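Take a look at the letters that make up each chain.
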Amino acid sequence: MVTIMEFYYGPSILQRAIKPSCHVIANQCGGQVSPCQNGGQCTEGWNRPLCDCSATLFTGPTCGRESATLAFNGSQHMAIWIGGNLGSRTQTEELVIRFKTSRPAGLLLLTSAESSSSDRLEIGLVAGRVRANVRLGDREKNLLAGQGVLNDNNWHTVRFSRRASNLRLQIAVNQGIIPKRGDNREFSMVSSSSSSMDVGIEFRCAYIPALCPGTIVMLQKLQSCLRQTKPKILACYRDRDMAEAILGRHSTLEVKSIHLGGLFHAEEEIQMTAAMPNFVGQLQGFVYNGHRYIDLVKTLGPELSSLPTTTFKLTARFVNSPPGSPYLPATFRSKHSYVGLPILKAYSSVFIDFRFKTLEPNGLLFFNGGKRTDFLAVELVNGHIHYVFDLGDGAITLRDKARIHMNDNRWHSVSIRRPGPKTHTLAVDESIEIYTASGNNMHLELEGILYVGGVFKDMYTRLPSSIASRSGFEGCIASVDLADTSPSLTEDAVVPSSLVVSGCEGPTKCSQNACANRGICVQQWNAYACECDMTSFTGPTCYDESISYEFSNSKGLIQYNFPPGRQPDTEEDNIALGFVTTKSDAVLLRIESSTTQDYIEMEIVEGNVFTVYNVGTQDLPLGEVAVKVNDNNYHIVRFTRTGANATLQIDDYNVQTVTSIGHQSTVFTSMANIQVGGKIARNGRSRIERPFSGVIAGLSVNRLRVLDLAAERDPHINVRGDQPSDRTASDL
């Protein structure tokens, strides 16, 4: 007889999940490659490493994700009101905050209490050093830390801890060389015996073989560290400067709000003035009693009042930085492959981060079933991420509202959080969706295993009806962070698969979505290439923005002149460009002959696009009257000519055609020039007729990228009238 657990999770899962005896846990931090990335500090945990990322630019279970960073200009702030109307009263505090600034003074952090209480904790820069001012009742104490000047525009880490009246302030100076991702491992040591080291200063040594000579010369004070660790330790730096004090008999700190970078009065909606100037620089990695408030604010997006007991006010701006390289990638070679991981820890909170890239528009990414109707799933549906879950009050689906489809063979980032009992968030790249539940169930009771990349074939029909997927995921998944672990999808799988392999294997054959923006896929030996000429985009997969030029209301024109002796005769022409405009009448493009009356003119007439051409017989017009293009939106025009016949398409609307009748000439003779943004009057070579205003992007004429040549100052480019300005399509 097969049990329910065995049916849903495979016959071997029970044997894999529970084993006899208490096995010995291997050393997690002692390998050749540290499980903690980007210089994070590794300590042993039960069955997993524990990574301290506080002295790095990264966060996550293994320091693999970039920390959210806020920039302050001296008039900006972040305010946090905790504990609802009651605030909080604590006898211990643990906080970490990282800063970077060039100013010698500025407020990093300040707590405030009710008006009847004078309790406060203030941390800021004073004369280039960090000062912590603590006031409990009628007792007050200052601590100073930081050797040298800390306003050097480098990152420094502040750690403050309080146990009743015992205070400690530590500064990570980060002098010397900090290990990068891929370095073998590192550890910390404190020395009080060597006269060459300052007592109380902690030093860190990292295994970086390539840096041996320069490091030894630069850090001569650490010779005892090098002697102790022999030849492997080749880079060290002073880690912390520490100050300690005892405040007195008071032990409780009352906190109603926390202010970063400056002060803000919630009721009066005004900036407040403090004795210490506001901070100018960047802050990240703020953790207060276990709460990562800067990361939480970024997760909430604009919904800063969606949590029941914590609200925020933010005027500082987040610094956008590109994500680093994906870590622990795995390739799912088939839609019928999947792996199983241990049960997802999501009882009262959800923490899922991962990156993926694929060419397939649909596929199940994650699924974990649960008791009764509880479950959690992440899937790709028509190129968009769906996050589906049920806590017992009915299934809820959050969908990303990104403007692009995600099956474009590029890495995309997904973050799923449950920052409050009824608050659920889905972030896909820069798109954030937030849902506030109305049900009464507060706990997600999962059981069994977490399926990644799909489920076994017979299980799809038994999945909850709110899950759309009927096949698995095909592509690459990487950088998986689940609560407090960063599992390898191959090495840590309790249900492995031979069709899931380490690394990311890119597609080597053409598929429907191999090239973005309707690029044409050209099959090559064990590879493929994308032709982007008719897309107005560029790049390996027609995804990158092309060179664009902005034409002002003043008359300006870009002209390309074919070199003498290289003026082509063509039987076929292929022209594509993208544009944004509000003008209802203008010439986008005109091509003229040097010896005949042949021409091609692409124009806007009463808000519609027309192309008129003549290759020696008569004018042949072709237009799209159903689509208005002077709406200040981005439009793509594609024109093809084969002999006397032609097609015209605007965006994804129907293709318009013209077919010649009777005898027609088929050759455009001696192309002389291409005029962009208007046309030069026949009777006066300097006057520009019907000038265009707006932006033209990605122009391709028979694979000749005219705007790219203009940006490169090609000698065959001539600019008439006012100089158009070059820009990228992201500025549109």
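- The UniProt entry for the chain carries the following text under Subcellular location (unreviewed entry): "Membrane".

1. A short note on the overall build of the chain
Moving on, step 1. Counting secondary structure elements, the chain contains 6 helices and 58 strands.
Moving on, step 2. By the burial criterion, 51% of the 732 residues in the chain qualify as buried.
Moving on, step 3. Total accessible area computed for the chain in this model is approximately 33500 Å², and 50% of it derives from carbon and sulfur atoms.

2. Details of the sheet that holds strand S10 (residues 120-126)
Moving on, step 1. One open sheet accounts for 7 strands, arranged S12-S11-S10-S9-S19-S6-S24; its pairing is antiparallel. Each having just a single partner strand, strand S12 (139-145) and strand S24 (311-314) make up the two edges of the open sheet. With strand direction ignored, the average angle separating the axes of adjacent strands in the sheet is 10 degrees.
Moving on, step 2. Alignment of strand S6 (residues 78-81) against strand S19 (residues 257-260), held across 4 bridges, turns out to be antiparallel. For Ala79, the partnering residue across the bridge sits in S19 and is His259.
Moving on, step 3. With respect to the sheet, helix H5 (residues 293-300) is in contact with S6, S19 and S24, its orientation differing from that of S24 by roughly 85 degrees.

3. Some remarks on the packing of aromatic side chains
Moving on, step 1. A full pass over the atoms with the stated rule returns 17 aromatic pairs.
Moving on, step 2. Residues Tyr387 and Phe389 carry aromatic rings whose centres are separated by 5.0 Å and whose planes lie at 35 degrees to one another, so their mutual orientation is tilted. The two residues Tyr387 and Phe389 agree in class, both being buried.
Moving on, step 3. Aromatic rings pair up to connect Phe332, Phe354, Phe356, Phe366 and Phe473 into one cluster.

4. As for the side chain of Asp353
Moving on, step 1. Along the polypeptide, Asp353 turns up in strand S28 (residues 351-357).
Moving on, step 2. Within polar-contact distance, the side chain of Asp353 engages the side chain of Arg417 at 2.8 Å.
Moving on, step 3. Beyond its immediate chain neighbours, meaning those up to four positions away, Asp353 contacts Arg65, Val414, Ser415, Ile416, Arg417, Ser479, Val480 and Asp481.

5. Comments concerning the nonpolar core
Moving on, step 1. By size, the foremost hydrophobic cluster in this structure holds 47 residues, and its most contacted members are Ile123, Ile258, Leu260, Phe286, Tyr293 and Phe312.
Moving on, step 2. The leading source of residues in this core is H5, at 5 residues.
Moving on, step 3. Once residues lying within four places of it in the same chain are set aside, the contact partners of Ile123 are Leu95, Leu107, Leu108, Leu109, Val130, Arg131, Ala132, Val158 and Phe160.
Moving on, step 4. Counting 41 residues, the second largest nonpolar core, distinct from the first, contains Met602, Ile674, Val676 and Ile717.

6. Comments concerning the pairing of strand S1 (residues 41-45)
Moving on, step 1. Across 5 bridges, the pairing between S1 and strand S2 (residues 48-52) is antiparallel. Bridge pairing in S2 places Gln41 opposite Asp52.
Moving on, step 2. The loop that links S1 with its antiparallel partner S2 comprises 2 residues; one of these, Asn47, has a positive phi angle of about 65 degrees.

7. Examining the state of the cysteines
Moving on, step 1. If you walk through the whole model with that rule in mind, you get 7 disulfides.
Moving on, step 2. Disulfide pairing is shown between Cys53 and Cys63; the S-S distance is 2.1 Å. Negative torsions about the S-S bond denote left-handed disulfides, and the value of about -90 degrees found for Cys53 with Cys63 makes this one left-handed. You can see Cys53 sitting in the loop between S2 and strand S3 (58-59) and its partner Cys63 sitting in the loop between S3 and strand S4 (65-66), a full 10 residues away along the chain.
Moving on, step 3. In this model Cys476 forms its disulfide with Cys504; the gap between the sulfur atoms is 2.0 Å. A torsion of 95 degrees about the S-S bond marks the disulfide between Cys476 and Cys504 as right-handed. Taken together, the residues Cys476 in strand S37 (residues 475-482) and Cys504 in the loop between strand S38 (500-502) and strand S39 (520-524) connect sequence positions 28 residues apart.

What counts, and at which threshold
- Residues numbered from 1 in each chain as written.
- Predicted model: local features only at pLDDT ≥ 70, side-chain atom pairs only at ≥ 80, totals over all residues.
- Heavy atoms only, no water.
- UniProt positions renumbered as here; feature names shortened; annotations may be inferred.
- Helix = DSSP H or I, 4+ residues; strand = E, 2+ residues; numbered from the N terminus.
- Buried < 20%, exposed > 50% of the residue type's maximum accessible area, 1.4 Å probe, protein only.
- Areas by Shrake-Rupley, 256 points an atom, 1.4 Å probe, with all protein chains shown as cover.
- Pairing = 2+ DSSP bridges.
- Axes fitted to C-alpha atoms, helices over the stretch in contact; angles between N-to-C directions.
- Contact = heavy atoms within 4.5 Å.
- Phe/Tyr/Trp six-rings, centres within 6.5 Å; stacked < 30°, edge-to-face > 60°.
- Polar contact = N/O pair within 3.5 Å; in protein donor to acceptor, adjacent residues only side chain to side chain.
- Core = buried A, V, L, I, M, F, W, Y, C linked by side-chain atoms within 4.5 Å.
- Disulfide = S-S within 2.5 Å.

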